[in-house]
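# Structure assessment
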Amino acid sequence: MGMGMGREKKGVRRVMGIILMVLITKISWGESRMVGSIIECSTVTAQVSACSTFITYGAPDPIPGSPCCDAVVGLNAIASDSVDNRRSICGCLMGLIATYTANATAISTLPGFCGISLGFNLDPNTDCNLVDGEGI
């Protein structure tokens, strides 16, 4: 009886993770059309989806060189191209944080775990319009 429960829990977790990523993708796709930015939110979401296990469960912590951190470093490279890109990525990530408040802390800690700075704080109070090009 106990072993069946373990498999059930893993199955439920896997389904919940998949549902979370589908919802993030759908919402971000909608946001990308509203933002009208250089970088679409669907691109940001695709990158962040590499971190779905950490975002959903809070573990395992991402480490530099992991697929999750590689994705975050990729976002940083895109953000470094221009102020518009940095602001767009900021807006997309803030949208994810606002939508998934239960997972906000996990999302906001990704750059730190991966040893990079996106050039703005991942905090609900951040105004992405004020993000500048420092670090570009």
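As a reminder, the structure under discussion sits directly above these lines.
A short tour of the structure in this document, coming up. (Residues numbered from 1 in each chain as written. Predicted model: local features only at pLDDT ≥ 70, side-chain atom pairs only at ≥ 80, totals over all residues. Heavy atoms only, no water.)

### Points about helix 5 (residues 83–99)
Operational definition: Starting at the N terminus, helices and strands are each numbered in turn, a helix being any DSSP run of H or I of at least four residues and a strand any DSSP run of E of at least two. Helices are assigned an expected span. That span is 1.5 Å times one less than the residue count. Accessible area is worked out with a 1.4 Å probe on protein chains only. A residue is then buried under 20% of its type maximum, exposed over 50%, and partly exposed in between.
Spanning 17 residues, helix 5 covers 24 Å between terminal C-alpha atoms, matching the ideal 24 Å at 1.5 Å per step. What helix 5 keeps buried is the set N85, R86, S88, I89, C90, C92, L93, M94, G95, L96 and I97.

### Considerations on the nonpolar core
We apply this condition: Nonpolar cores are built from buried Ala, Val, Leu, Ile, Met, Phe, Trp, Tyr and Cys residues. Side-chain atoms within 4.5 Å join them into one set. The contact rule is simple, with two residues in contact once any of their heavy atoms fall within 4.5 Å.
Counting 31 residues, the largest nonpolar core has V44, I89, L93, M94, L110, F120 and L122 as its most contacted members. Of all elements in the fold, only helix 2 (41–48), helix 3 (52–57), helix 4 (67–79), helix 5 and helix 6 (104–113) reach the threshold of two or more residues within this core. A per-element tally of this core places helix 5 first, with 7 residues. Residue contacts for L122: discarding those within four places in its chain leaves L93, M94, I97, I107, S108 and P111.

### Considerations on the state of the cysteines
Our working rule: Disulfide assignment relies on a single distance test, namely cysteine sulfur atoms paired within 2.5 Å.
In this structure the tally under the stated criterion is 4 disulfides. Residue C69 pairs covalently with C114 via a disulfide, S to S 2.1 Å. Handedness of the C69-C114 disulfide follows from its S-S torsion of about -80°: it is left-handed. Remark: C114 occurs in the segment after helix 6 and C69 occurs in helix 4; sequence separation between them is 45 residues. Of the two residues, C69 and C114, both sit in the buried class. Each sulfur of the disulfide joining C90 and C128 lies 2.0 Å from the other. Negative torsions about the S-S bond denote left-handed disulfides, and the value of about -70° found for C90 with C128 makes this one left-handed. Of this pair, C90 sits in helix 5 while C128 is found in the segment after helix 6, placing the two residues 38 residues apart along the sequence. With relative accessibility at 13%, the residue C128 sits in the buried group. Numbered by position along the chain, the disulfide-linked cysteines of the protein chain connect as 1-6, 2-3, 4-7, 5-8.

### Brief notes about the side chain of R86
Using the following cut-off: For the charge count, each Lys or Arg is scored as positive and each Asp or Glu as negative, with His and the chain ends excluded. By definition, a salt bridge exists where a carboxyl oxygen of Asp or Glu is found within 4 Å of a side-chain nitrogen of Lys or Arg.
Positionally, R86 belongs in helix 5. One buried charge, R86, has no salt-bridge partner; the nearest side chain with opposite charge is D132, at 5.8 Å.

### Concerning the packing of helix 2 against helix 5
Working note: a packed helix pair is described by the angle between its axes plus the distance between those axes. Under the convention used in this document: Axes, fitted as lines to C-alpha atoms, cover a helix only where it is in contact. Angles between the N-to-C directions of the axes lie from 0 to 180 degrees. Handedness of each helix crossing follows the sense of rotation of the near helix against the far helix: counterclockwise by less than a right angle gives left-handed, clockwise gives right-handed. Residue type decides the class: Asp, Glu, Lys and Arg count as charged, Ala, Val, Leu, Ile, Met, Phe, Trp, Tyr, Cys and Pro as nonpolar, and the leftover types, Gly among them, as polar.
At a minimum axis separation of 9 Å, helix 2 and helix 5 run at an interaxial angle of 65°. The handedness of the crossing between helix 2 and helix 5 comes out as right-handed. Contact residues: C41, V44, T45 and V48 in helix 2; I89, C92, L93 and L96 in helix 5. For the contact of helix 2 with helix 5, the residue count by class is 7 nonpolar, 1 polar and no charged.

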